[in-house]
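Tertiary structure, described
Spelled out from the first residue to the last, the chains are:
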Amino acid sequence: MRAIIFSRSWYATAARIALLVALGWWALQAGGWFARAAAPYQAQWPQTDFSRAAVDLVEITSGGPPKDGIPAVDNPQFVSAAEPIDWLDPREPVISVEIDGDARAYPLQILIYHEIVNDTVGGTPVAVTFCPLCNASLVFDRRVEGELLDFGTTGMLRKSDLVMYDRQSESWWQQFTGTAIVGAHTGKVLTQIPSSIVAFGDFVAGYPGGKVLTRRTGFIRPYGRNPYRGYDAMGNLPFLLDDPVDERLPAMERVIGVSHKGRNRIYPFAAFRDQPVINDEFEGIPLVVFSKEGTLSVLDRSSIRESREVPAASAYRRELDGDTLHFEVRDAEIRDRETGSRWDLFGRCVAGPLRGKRLEALPGGVHFAFAWLAFRPDTEIYSR
């Protein structure tokens, strides 16, 4: 190839012309294909830079609702967790977030109708997100390279997962990974903030001074009702997933994942039946997974209050002040073997010699197995 490019012979000249023509034809074809792929979105998304994309646009499909057809909550209203809240069952799942002593609970009965809450917690601007189709709850810092963003829903899905957009550039973001996949911010990644899905009663017990998102969202929705009745039943298939489902686990098996150094491992909830606490090591990190029964599924019955119970789970480093702890369930309480101290689901020591200490949360979160494996197919699956 180098000889053809730099040779002055007529043969080489003709070859160079043919090569340039071929490259030009390919560029025109590629550009025409991209324009055709972007054409359906241009009218509704005039500010989105479709010339920048990290994924093939054909992977993105309409989930049904239009842009902002599922409206984000932009002016969230809260009440004290200490107040009587008759519309929220103590077993109902909430997304728990705590930053610098500011603890907030976001009921999934509300998030299931809005999917995004733009908020500020402990002085940090956050986007609290929930994709019902993937059972994925993730919280992100809304600041990107010094710019403050707020988010809405595109109405689009990729791999059955919510595609968000920021209102400043109208770039599209993959909720599951926090990565911008289309538009001016393509390739940028939001910082994930530790959070967990727990029963509301456990949140109140852990954070009696915390706040709870109310139904005063500015919208009228049948909060407390599940529009995805029976979706998480074992044997069901994901909605609008074009990829083959990874056969290593049932699609709707709940898993908690951990990621480190580009490697991933998931812990199926089925493992918690025999091991409510799992001491493990991954990529050189001693870790522990805490689980607790008694949280309602938000994707089971039409009435969330009548839904079946599933575990709540969270993962932490089990290193503390240079020591590696080992945990177990003793008399229905989580304790470390080294000191006998008692710990809660939020990774905090609440009684014993280590009282006041806290374990470092690991990034990952609880999702359906199909979703985690669709985005991270090289994931290891924990087995005892």
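Quick look at the structure, then.

So, how was this worked out
Residues numbered from 1 in each chain as written. Predicted model: local features only at pLDDT ≥ 70, side-chain atom pairs only at ≥ 80, totals over all residues. Heavy atoms only, no water. Buried < 20%, exposed > 50% of the residue type's maximum accessible area, 1.4 Å probe, protein only. Helix = DSSP H or I, 4+ residues; strand = E, 2+ residues; numbered from the N terminus. Pairing = 2+ DSSP bridges. Phe/Tyr/Trp six-rings, centres within 6.5 Å; stacked < 30°, edge-to-face > 60°. Lys NZ or Arg CZ within 6 Å of the ring centre and 35° of its normal. Salt bridge = Lys/Arg side-chain N within 4 Å of Asp/Glu carboxyl O. Polar contact = N/O pair within 3.5 Å; in protein donor to acceptor, adjacent residues only side chain to side chain. Contact = heavy atoms within 4.5 Å.

**Some thoughts on the pairing of strand β4 (residues 102-107)**
Extensive coverage of β4 is indicated by the burial of six of its six residues. Taking every second residue as pointing to the same face, both faces of β4 are buried, with Asp102, Arg104 and Tyr106 on one and Ala103, Ala105 and Pro107 on the other. Where strand β3 (residues 93-99) and β4 come together, six bridges link them in antiparallel fashion. Paired with Ile95 across the strands is Tyr106, a residue of β4.

**Some details on the packing of aromatic side chains**
The way to describe two aromatic rings as a pair is by their centre distance and the angle between their planes. Here the structure, examined in full by the defined rule, presents 20 aromatic pairs. Aromatic pair Phe327 and Trp343: ring centres 5.5 Å apart, planes at 85 degrees, arrangement edge-to-face. Placement of the pair is Phe327 in strand β24 (residues 327-330) and Trp343 in strand β26 (residues 342-343), with a sequence separation of 16 residues. We note that Phe327, like Trp343, is buried. An aromatic cluster is present here, built from Tyr41, Trp45, Phe50, Tyr165 and Trp172 joined pairwise through their rings. Sitting over the ring of Trp45, Lys67 keeps its end group 4.4 Å from the ring centre. Sitting above the plane of the Phe78 ring, Arg104 keeps its charged end 4.7 Å from the centroid.

**What to know about the sheet that holds strand β14 (residues 192-193)**
Reading across the sheet, the four strands line up as β5-β6-β7-β14 and stay open at both edges, with antiparallel pairing between neighbours. Each end of this open sheet is capped by a strand with a single partner; those strands are β5 (116-121) and β14. One ladder, built from six bridges, connects strand β6 (residues 124-131) with strand β7 (residues 136-141); its direction is antiparallel. Note on β7: the bridge partner recorded for Phe130 is Ser137.

**Digging into the pattern of salt bridges**
Under the counting rule described, the total for this entry stands at 30 salt bridges. With its nearest N and O atoms 2.5 Å apart, the salt bridge here joins Asp243 to Lys159. With Asp243 in the loop between β16 (211-213) and β17 (254-260) and Lys159 in the loop between β10 (151-158) and β11 (161-166), this pair connects stretches of sequence that are 84 residues apart. Lys159 sits in the buried class, given a relative accessible area of 16%. Sharing partners across several salt bridges, the network here consists of Arg263, Arg265, Asp280, Glu283 and Glu380.

**Considerations on unusual backbone geometry**
Of note in the backbone geometry, Asn135 takes a positive phi value of approximately 55 degrees without being a glycine. Note on placement: Asn135 falls in the loop between β6 and β7. Despite not being glycine, Asp331 has its phi angle at roughly 55 degrees, a positive value. The residue Asp331 is located in the loop between β24 and β25 (333-336) in this model. The exposure class assigned to Asp331 is exposed, which follows from its relative accessible area of 72%.

**What about the side chain of Arg104?**
In this fold, Arg104 is placed in strand β4. A distance of 3.4 Å separates a polar atom in the side chain of Arg104 from the backbone oxygen of Thr120. Each residue touching Arg104, except ones within four places of it in the same chain, is listed here: Phe78, Ile95, Ser96, Val97, Asp119, Thr120, Val121, Phe203 and Lys211.

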